Each structure stands twice: as structure tokens, then as C-alpha cells.
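This is what each chain is made of:
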Amino acid sequence: MIPTILRTKLYIPQGHANLVPRQRLHNRLNAGLWTSPTPGRAEFARKLTLIAAPAGFGKTTLAAEWLTDLGLPIVDFGLETAFDPASPKSKIQTPKSGWLSLDEGDSDPARFLAYLIAALQQASPELGQTAQAALPLADAAALEGILTLLLNDITAAVPQPTVLVLDDYHTLHGEAVTRLLSVLMERQPPSLHLVIASRTDPDLPLSRLRVRGQLVELRARDLRFTEAEVADFFSRTMGLRLAPEWIAALEQRTEGWIAGLQLAALSLQGRDDVGAFIEAFSGSHRYVIDYLVDEVLRQQPSDVHDFLVRTAILDRFCAPLCDALLGQLPGTRAKTSQAMLEHLEHANLFLIPLDDRRKWYRYHHLFADSLRVELDAETARVLHQRAAQWFAANGLLREAVRHAFAAPDLDLAADLLAEAGRQGSMWAGGEFKQYLEWVEALPPELVEHRPRLQLCYGRALYLFGRLPDAMTRLDAVDRNLRAAPSPDTALLALASIYRSHYYLERGELDTMAVLVDYAAAYLPVDTPSDRARLAYAQACVTYAQGRMLQAEKFFEQTYVLAAEGGALSLAFSAGECAARCLLMQGRLDAAVQRSERVLAAGKVGKADHPLMTGALLVLSEVAYLRNALDQIEPLLERALYLARQIGPLLRGQQCWAYQQLARLRLAQGDAASALQATEQADAIAREIDNTFYVRVAAARQTVQPLSDKREPVLRLRERVYLPTTFYALAEFAALSQAYHLICDRQAAKALPILARLAEAAQQDGRDRDGIELRIWQALTFQELGQEEAALQAVEAALALAAPERCLRPFLDVGTAMSGLLRRAAALGIGGDVTLTLCEALATPAPTLPATEARPPVKSGRAALLLDPLSDREVEVLRLIADGLSNKDIASRLFLTVGTVKWYATAIYSKLGVSSRTQAVASAQELGLL
């Protein structure tokens, strides 16, 4: 699910029909495009155009006009020379364009990326689909990876020059977006040109771009109206004929400041004392704007005045919203808002349309600021409340909450946040942070007295990765609800579902089962989303208990309900888990079909949704079981590539992938690389505190036979397709016990253990486990000299394995199975599968000499470096190795210190280290320095 995009932020503002033409500035902007227009090429001469000036200098209008004019072929004949579309040099691709009007909310890096992608898709809808699919699940650490996907998509696309305007960049705060934009500009494809319009200089490497000739700059001195443009403006745009001396005086008084000139023109309309008026104002822009707004408002009829002042609280508005805002307020006229908006636009009263249908508008920022000063506190409070209620009624909960806080009506804000959390509407695409900030800005008592808000708060904490805080909050919800005179059983049921996921993380399955049973008894299931939540919780508990037949049904039910309700992420997760259940049942063909269904649903245009990762790993598992080893590595590479886009959310999948890589390397005879991959899987499991895997990894260290014990024919391997299945903890412990008994020459005592495990696997529908356990029984009987019992166990194993051609459980045992399989083949047991196994075991297993151990990617630890360092990261790493401080590196590379720190963090993450010293040592080992 991608975040809801406010489409009005992506429209190029529509200018007045009689705007003053500013060809001299258009030519300056054209200089940021091609310097040597070559047919068929889509490379821009410069990376960035910066339009930086204080408010009211026409930055937005200029950029919008120029972007509209890009429909003509453009040739750069020099900064001040008009271009000639008829010139043969002009036969180059006309650039496409995108527009993004930024606001303070876009300071959240995930939200910024979502809008950046949407703006680019205005130019080319196919761009950024992979990144867009990954974004809703990404945490802050994964956002650079998302940005890399976007840049790769732009680079790989059919060459098409694209100009992207980022307007009002000064509204952003914090370093997060700056870091992302710095990375974008460092890796910027030559087919992309950025235009930034801002009141202040952005904290970007402008000096480096300037030195390299990759920057075009327009400042206030460039944007000021010349005297000729002032005359044209008053005549063409405002319909005023002024004497040359008055034109000159206005130009001098305003210093060509466009907003001041527009307000002056509005004030002059209908006046006879033009000269006296012009002499009456002077001083700073702030003084002039206040003075002129006051002058303009004095001339307006009372209904226009009231409309302007009272709607100025809105960042954007439409006629129905204005009607709701102004209804029944003292002094409000009956004139409809739609008629008023049409009048304001015709009168040039700083009204800016935000879409091409003239439905949504905003005021010029300076004009709105001055209008708001006229509102008294009580009127402002009522207006913000009404705005909040209108936005909430129309499903625009983010804006509703913002107005509730502005009122301030914190009770209303709390109610709205409870509703927003219930719908999950603010949690898509990285909105967790904003939601949490708002909830935590409320007085604690407002949260504590609203069980639904507490519940949503706890869920948001869980989704944000703050598990202890989440459980504290959810436990408090449960206690408070149960203590109420009339407990809300529906909320208690939903709280039970949310709490059950936490106990699953901890491996406390009995507690989880109790919670899920309670939810099943009391959760209303009148909507697909509620039924899907319940079915998924039931699936998780039955899967974790090893009951694969029931789990597969619940996961399939969840998939259908989630898809029906549009919950894409839940559908993907349920579909992948259903495929894994089929794998556990030994139904390999069905597992492949279910995985391919997930892969088909996960295609977003040409892109892959990151939650396809699990389905890819199921396909890899099937390929291994069928001994199709050549199919595995491409699947693992694709799975790891997708998993890294999201960050911690799919770290468990990365652990699973490295386990599969380790097993593949063992099958290929490369023990050294297998050990490296196992260590990587162990490191990830410890990082995410995966209870199952951490315990199994610890147990793994205890099962090696002592030096005085003979080498057994069996090897104990944890099943790599079960990274979160907690029933297997007990099974692995029992297998460990049987393993030690066999090593201690007490094989007879191992047989009851194996029989009990095999019976449980059969009852739970885990035929994949059953195959392996029957093999263990066969070899144990063979160890005891009970050949007929051993053959019967092999027959039972083949009966489970042959229909789906499940080969590897036999091949992994090695030649110890050869005699039993030859006898089975002679008796016709297992058909062609048995013959295939006999042939495979007749061929010695591949081994690589120690000096020729095969690295997956590079030598040494580089085998695990599946996310290689970028050229810039290597450059930073070399300067770190030279002993330079972050400040010195920033100076050397024309970066900010914050950006250098960000690069260092990325380097440490990719190398798996935590300090400069470790990074240098690791890099030397990898041959990077």
C-alpha cells in the first residue's frame, strides 16, 4: 500500500493569462539544459538550477512559466540569447517535466521520497515503480536503498530528459531530506535536471557544483522587475496606465519586488492621488507588505474582506470547504464560496489555483500570513475546528488532525487520531513517525481515557519497531478495558490480536494461543479487514505450533480477505506463508504454484514488490529439495536484493536466504564459503533477536561429537526453511538427543524419539519433516543391523518423497544411503526417483581444494558483501583510512559533515562493522584499499 498522495502538490501552478513575459530569465534557465544538443541524446549539461530569493519575488511563477514553455525545443545559444526552434541544432528530445510543491510535512524522508516518486511519474508514469512498491515497508535506514532503486530506474529507462522542480524547498527542516537529496545529486543520472526554488540556500554541496560548472543560479537581483517590466506589469497585468515618473518611483520604492508591486497596483485601483500614495510607503519588505495588505483590504467589500481573512487559516481550500468554514459566522454574507473564488481569481487577489480544474486553491504565502494577523483568537479557534471536521468527514485525516491541533482542540485531535489509527490511513508509506509524534504530543490523560487510541498507539509503536514500549501500552489497554464496568469485548479482541504478535516474537506460544482464541470468540468479523486480521493471527499460531494443514487454510483465507480489502502487504505475507505451509506438507508443486501467484501479484509495472521475497525463498527451497542447484543462486540474489530495500522488516528473510546459501555451498563442496554464509545468518538472527534461530544456533554448538566418539552416519542440521517456527525448538532438542545417543553407541534408545517425532509430523501434515525422520529411522535401524526395518523406513520415506521428486534429504546423507537405496530399487520401491538417487550417489560429491574455495562474490569476507560499496563510499572509506576527520572529509569532498556521517554509517552497515578501525581493517581484508 503506497501513501495517499495529495495530487494538488504535483500540479504546475497556472499563471495569469496576462503575465509579464520574462524571456531573459527563461534564457538563463535554458542554460541549465544542453550545452551541445546532440540528436538522440538525453543528457543535461548541468545537474541543478537554484532559484533563491526572499518571499514575493516570483520564484514559483517563473519556474511554472518556464516549465510550461519547455514544450518547445530548447537550444542553449548563450545566457541572454533567445533560442530559435527552427535551428537544425534544436532537433533534440523535448524534456518532460514534473513538479512538487513542498511543505513542512515533507521533512519526513519517507514522505519526501513518496512525493518525489509521484512527481517524477507525472513526467513518466513507469518511473520509480520498484521504489514505490518498496517504500511503504521501509524504515529510515533503508531509504537510501529506495532512492538507489529510483535512480537505477531513471537510468535504465528509455532515454528521456526530465526536469523536476522542487518548489518551496525552504519549508523543509532537519537533515534527513538533505542527506537523501545529496545522495540523489551525487548519483544523479544525466537525463535528470533538478530545479530548486527556495527562500534560502539549501544545505547542499552548491560550491562543488558551482566549481564543476553544474549549477545555474538565479537570485533576487535577477528576479527583480526592471523598470520596463514594471511598466509592462501595470499595463498588461493590472490594467493601469501610469506616468513614467510614477513607474520609476514604484520600481525604486519596491526595488523591483514583485509582491510589493502587485499589492501597490491593487491599492492604486480607483485612486486619484497616485503620487501621494506612492510617496506614503517605504521601508523593509515586511513593512511594505503589512502596509499594502492593509490598503488592499480597506478597498474590499465587507463580504470579500471576511472571506479572505477567515479562509486564510487554510493551506489549501475548495468551495465546499469554504462553505463549511464560513457557515453561520457573524458577519458572513450569503454569497457562495464558488462565486467568491471566481471573483478573487478575476481580481488578481493572490489566489493560486492548484489544479487544472480550478477546484483547489491557495493564497500567496505572504498574503495569507498577513491576513491571519487580522483574526481574533476565538474566531480562529472556531474556524480550525470546522476545518478539522470538514477534512475528517472527507477522509483527509492528516489535515483534520493538523487543524485540530491548531485550534487547539486536543480532545478532537485525540478522537481523530483514534479514527486514523483504526483505519490505518496514516500508516502507509512511512507515516508512523508523524502519527506517533502527534499522539505523544497529547496530554497523557487524553490517551489513557481513550482505549481505541491507546490500542492504535500501541500498534503504531509495534510497527515502528518499539516493541517493549508497544507491549507496555497494549498491556495497559487490556487492563483498562477489563477493569471497565462494561468491557468493550470488540476492542479487547483486537488488543488480543495485536498482543499475540508480540508473544509470537518471544516464542511464548501458549500465551499467544490463548489470546488468539479470545479474539476468535469476540472479534466482530463483519468487515474483510477484521476477518483478515483474525485469520492471520490464527494462521500464525497454528504455523508456530507446527500444524501445517490448519495453518495453510488460515493463511489462504487471510490472502483472499486481505486482497478483497485492499490490504496488499498482508495479502503478500499470507500468500508467502501459505506457500511455505505447502512446502512443509511436502506438496512442492502446489508450493511453486502458490509462490508464483504471489510473484504475479507483486509485479508493479516492471517492478517487484519487496514482499515477494518470501515467495522467492520458497522457490529456492523447492529447487534445493529437487536438486536443481543451478536455479538457487539467482533466486537468492533476487530475494536479498528485494529484502535489503526494506531494512529490518525483512531481516528474518535475509537470515533465511543466507542459510540457504550456506546449504548450497555445502552441496557444492565449498565448506569455507558455507561457514561464512552461516556466520552471516547467525549475525542477522542475533541482531533481530529471533528467538527460534538464536536458540537453535546455540544448540548447534553442542551437537558435535566428542573426539573419543566415532563419526556418525547422520548429520544434525536445523531446517533452514523454519526461521520463525517455534515448535521446531522442541523437535530440534529431541533430534539433538537422538544424535548424541547414536554417537554414544546407544542407537536403540534413539528409535523411540524418532518414532514419536515421525508420528507428530504425520499428524500435523509435515511430510517434509517426515521424509527426513524416516531416513533417520532407516539409518538407525541399519546401525543396529535391523536391515528389514531399515528397508521399511526407506520405503516410507520414498513414499512421501517420490510423488514430488524430493531428492535432497537422501542426497544430504551421502553414501550411507547407497546400500538401502539399491535394495529399494531392486524391489521396485520408489520408481524412477530411487533410480535417480542411486545414480546421483554413485557419483562422488563435489569438493573444492582449500586453496580453491569458491567465494560467492569476492575473496574472503567479500563473499558476503552482496551490497557493494558505491564509488563515493569507497572514496570516503579511503579518506577515513588516511586518518581524516569527518570535517576534513566534508571539506575535501564538498559535503556537509552530516552527509559524511551518513556515508560512514552506510559503509559500516555494508561491511558489518561498528567503528572506523574495524572498517579500515575489513576493507583491507577485502582488497578495497
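Scroll up to find the structure this text is about.
Everything quoted here is computed from the prediction, not taken from an experiment.

1. Details of unusual backbone geometry
Here is step 1 of the chain: Between alanine 407 and the following residue, proline 408, the backbone shows a cis peptide bond with an omega angle of -15°.
Here is step 2 of the chain: Topologically, proline 408 is positioned in the loop between helix 19 (397–406) and helix 20 (410–423).
Here is step 3 of the chain: Positive phi values are uncommon outside glycine, yet asparagine 627 reaches one of about 65°.
Here is step 4 of the chain: Within the element layout of this structure, asparagine 627 appears in the loop between helix 31 (613–625) and helix 32 (632–643).
Here is step 5 of the chain: Residue asparagine 627 is classed as partly exposed on the basis of its relative accessible area of 28%.
Here is step 6 of the chain: One non-glycine residue, arginine 805, lies in positive phi territory at about 55°.
Here is step 7 of the chain: By the secondary structure assignment, arginine 805 is in the loop between helix 39 (787–801) and helix 40 (808–811).

2. What about the sheet that holds strand 5 (residues 215–218)?
Here is step 1 of the chain: Pairing is parallel in the open sheet, where 5 strands are placed in the order 2-3-4-1-5. Either end of the sheet is taken by a strand with one partner, and the two such strands are strand 2 (96–101) and strand 5. Direction aside, neighbouring strands of the sheet carry axes that sit 15° apart on average.
Here is step 2 of the chain: Here strand 2 pairs with strand 3 (residues 162–167) via 6 bridges, running parallel. When the bridges of strand 3 are listed, lysine 96 appears paired with threonine 162.
Here is step 3 of the chain: In this fold helix 3 (residues 109–123) packs onto strand 2, strand 3 and strand 4 (192–198), with an angle of close to 150° to the strand it touches most, strand 2.

3. Things to note about helix 28 (residues 548–564)
Here is step 1 of the chain: The first and last C-alpha atoms of helix 28 sit 24 Å apart over 17 residues, in line with the 24 Å expected at 1.5 Å per residue.
Here is step 2 of the chain: If you check which residues of helix 28 are buried, you get Met548, Ala551, Glu552, Phe555, Glu556, Thr558, Tyr559, Leu561 and Ala562.
Here is step 3 of the chain: On its buried face, helix 28 is in contact with helix 27 (528–544), helix 29 (568–584), helix 30 (588–601), helix 36 (727–743) and helix 37 (747–764).

The rules behind the values
- Residues numbered from 1 in each chain as written.
- Predicted model: local features only at pLDDT ≥ 70, side-chain atom pairs only at ≥ 80, totals over all residues.
- Heavy atoms only, no water.
- Helix = DSSP H or I, 4+ residues; strand = E, 2+ residues; numbered from the N terminus.
- Buried < 20%, exposed > 50% of the residue type's maximum accessible area, 1.4 Å probe, protein only.
- Pairing = 2+ DSSP bridges.
- Axes fitted to C-alpha atoms, helices over the stretch in contact; angles between N-to-C directions.
- Contact = heavy atoms within 4.5 Å.
- Expected span 1.5 Å × (residues − 1).

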